[in-house]
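Breakdown of the fold
Each chain, letter by letter, is given below.
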Amino acid sequence: MTYAYFDHNATTAVDDAVLDAMLPYFQKEYGNASSRHALGIAARRAVNQAREQVADSVGAQPAQVVFTSGGSEANNLFIQGAAGYLKPAQIAVSSVEHPCVMRSAQELARNSRGSWKLRRLAVDNQGQVDLGDLDNAMLEQQSGLVSVMLANNETGVIQDVAAIAQKARAYGAWVHTDAVQAFGKIPADFASLNVHAMTLSGHKIYGPKGAAALIIDKRLLLKPLIYGGGHENGLRSGTENVPAIVGLGVACGLAKARLTERTTRILAMRSQLEQGLIGMGAVIFGLGAPRLPNTCYFALAGIEGDTLVVRLDKAGFAVASGAACSSVNPGRSHVLEAMGIDPTLTRCAVRVSLGSDNSPAQVENFLRAVGSVAQELKRISMLAI
Ligand SMILES: Cc1ncc(COP(=O)(O)O)c(C=O)c1O
């Protein structure tokens, strides 16, 4: 049985060019980038080159790139690190953030014994941040930090981060965007987004897991999460993971070079997919908002998402249920909840996230499989009545 992978928002396979670039740094060029000998110098050169590639892919300067172990760490570094320098105030985050932003903001409020106040920004029924609520939040209390993701991992809904940043900056807040899902799927130019910091991660863009970056405005002062030898300009100590950093650099370069080609092809497949699903009576979440070209989050009323995911897996298709999108609240999607979706429909949510290795034939086969599994499950539920 051939297997079709439709879960690219969870992770992606490492691109051949990325792997080729990484391999020498495991054995032949295994130096510590802080060493003064030839092997160390070669490793440092590779890290510097990756820093340039990452910076170039988002229109930033190499000195603005801080390598981290993942998007989760980068998001935590911004939130905890910025709060470490600022006078306690309000931290405003959208109510659809990934747990690594939401939980970090919750911990900040808890650990500061309430000096930092967490404010969740409301989203509309399409999943976009309500700009009126952002105004209310800014007026209610002095905001030190604002973090709103560029695109959501479950729905793919894109936020108007530049508009959000403009409003938040007017009140003196530091603004961050988690671009982990958006980067490589839509343009993510650091300067145009007008933020103080932005997160991206390697394994969502055909790069390695455990390699990511926080892009920062150089005027920003952050307290490190990890102390030690002062790597990454003192912001993130620890011997650099050279192969992973090299892979991240190449993956970022490819993400920039292939953006248009990747997204045009993928968007055509997503339209094919959604036409078929709508024909079966599916509800597509966030359909009325701008979305990532690869993401389709749908529900077939009466068919549990988890059940559909297991059946489709057996039929050779890897997709995610709404529940699987959040390991914090298994069985519920806080994203759909924030959008005000009926909980009975929320339980039916399934996410398809397409990637460059998919084909229109796979989408066609998938639609056929969904149709027959849905029919079978409906028959079973009718028999049970
Ligand atoms: C929107 C978003 N932010 C952050 C992360 C975490 O990134 P990482 O897996 O690199 O820690 C993810 C991963 O799923 C994500 O989807």
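Since the structure is predicted, the reported quantities are computational estimates derived from the model, not experimental observations.

A word on unusual backbone geometry
What you tend to see is this: most non-glycine residues have negative phi, and most peptide bonds are trans. Residues other than glycine seldom take positive phi values, yet Asn194 does so here, at roughly 65°. Mapped onto the elements, Asn194 comes out in the loop between helix 7 (190-193) and strand 7 (197-201). What makes Asn194 partly exposed here is its relative accessible area of 27%. Positive phi values are uncommon outside glycine, yet Asn233 reaches one of about 60°.

Regarding the site of the ligand
Near the ligand lie 14 residues; those nearest to it are Gly71, Ser72, Asp178, Ser201 and Lys204. Take Gly71: an N or O atom from its main chain is 2.7 Å from an oxygen atom of the ligand. Ser201 is positioned with one of its side-chain polar atoms (N or O) 2.7 Å from an oxygen atom of the ligand. The protein chains hide 86% of the 390 Å² of surface that the ligand would expose on its own. Among the elements that take part in the shell around the ligand, helix 3 (residues 71-83) stands out by supplying three residues, more than any other. Class assignment for the residues of the shell around the ligand results in three nonpolar, nine polar and two charged.

Points about the domain arrangement of the chain
Domain parsing of the chain yields domain 1 (4-12 + 259-384) and domain 2 (16-254). Averaged C-alpha coordinates put domain 1 and domain 2 at centres separated by 28 Å. Contact residues are listed per partner, giving 32 residues for domain 1 and 32 residues for domain 2. Summed over both sides, the interface of domain 1 with domain 2 buries roughly 2,700 Å², with 55% coming from carbon and sulfur. Taken together, the links from domain 1 to domain 2 amount to zero salt bridges.

Description of the pattern of salt bridges
In the structure shown here, the tally under the stated rule is 17 salt bridges. Here Asp15 ties to Arg258 by a salt bridge, and the two come within 3.1 Å at their closest N and O atoms. Highlighted residues: Asp15 in the loop between strand 1 (4-5) and helix 1 (16-22) and Arg258 in the loop between helix 8 (242-257) and helix 9 (259-279), separated in sequence by 243 residues. Asp15 gets classed as buried once you look at its relative accessible area, which sits at 16%. Connected through salt bridges with shared partners, the residues Arg119, Asp133 and Glu140 form a single ionic network.

Here's the deal with the sheet that holds strand 2 (residues 65-68)
The strand order 2-8-7-6-5-3-4 describes an open sheet built from seven strands, whose pairing is mixed. Strand pairing shows two members of the sheet lacking a second neighbour, strand 2 and strand 4 (117-121), which therefore form its edges. When strand polarity is set aside, the average angle formed by the axes of neighbouring strands in this sheet is 20°. Across three bridges, the pairing between strand 5 (residues 143-147) and strand 6 (residues 174-178) is parallel.

Quick look at the nonpolar core
With 69 residues, the main nonpolar core has Val54, Phe67, Val146, Met198, Leu200, Ile215 and Phe285 as its most contacted residues. Here the element with the most residues in this core is helix 8; it accounts for ten residues. For this core, the domains that each give at least three residues are domain 1 (4-12 + 259-384) and domain 2 (16-254). Residues Phe6, Phe298, Phe366 and Leu367 belong to the second largest nonpolar core, which totals 28 residues.

Digging into helix 9
In an α-helix there are 3.6 residues to a turn, and that puts residues three or four apart on one side. End to end, helix 9 covers 30 Å across 21 residues, agreeing with the expected 30 Å (1.5 Å per residue, within 8%). By the burial criterion, the buried members of helix 9 are Leu259, Arg262, Thr263, Ile266, Met269, Arg270, Leu273, Glu274 and Leu277. Seen end-on, helix 9 carries its buried residues on one side only, within an arc spanning 140°. In helix 9, those exposed residues whose orientation departs by more than 90 degrees from the buried face are Thr260, Glu261, Thr264, Gln275 and Gly279. One or two steps after helix 9, the chain reaches Gly281, where phi turns positive at roughly 90°.

Structural notes on the state of the cysteines
Following the criterion strictly, the structure yields zero disulfides and no others. Lacking any disulfide linkage, Cys252 is separated from the closest cysteine sulfur, that of Cys100, by 17 Å.

Brief notes about the sheet that holds strand 12 (residues 320-321)
Read from one edge to the other, the open sheet built from four strands follows the order 9-10-13-12, with strand pairing classed as antiparallel. This sheet does not close on itself; its edge strands, each paired only once, are strand 9 (283-284) and strand 12. Here two bridges tie strand 9 to strand 10 (residues 295-299), and the two strands are oriented antiparallel to one another. Opposite Ile284, over in strand 10, you have Phe298 as the bridge partner.

Looking at the pairing of strand 2
Neither face of strand 2 is open: one carries Val65 and Phe67, the other Val66 and Thr68, and all of them are buried. Sheet topology places strand 2 next to strand 8 (residues 212-216); four bridges connect them, and they run antiparallel. Paired with Phe67 across the bridge in strand 8 is Ala213.

Parameters and conventions
Residues numbered from 1 in each chain as written. Predicted model: local features only at pLDDT ≥ 70, side-chain atom pairs only at ≥ 80, totals over all residues. Heavy atoms only, no water. Helix = DSSP H or I, 4+ residues; strand = E, 2+ residues; numbered from the N terminus. Buried < 20%, exposed > 50% of the residue type's maximum accessible area, 1.4 Å probe, protein only. Near = heavy atom within 4 Å. Polar contact = N/O pair within 3.5 Å; in protein donor to acceptor, adjacent residues only side chain to side chain. Areas by Shrake-Rupley, 256 points an atom, 1.4 Å probe, with all protein chains shown as cover. Nonpolar A, V, L, I, M, F, W, Y, C, P; charged D, E, K, R; others polar. Domains from an automatic or database assignment. Contact = heavy atoms within 4.5 Å. Buried area = accessible area lost by both parts, 1.4 Å probe. Salt bridge = Lys/Arg side-chain N within 4 Å of Asp/Glu carboxyl O. Pairing = 2+ DSSP bridges. Axes fitted to C-alpha atoms, helices over the stretch in contact; angles between N-to-C directions. Core = buried A, V, L, I, M, F, W, Y, C linked by side-chain atoms within 4.5 Å. Expected span 1.5 Å × (residues − 1). Arc of directions from axis to C-beta. Disulfide = S-S within 2.5 Å.

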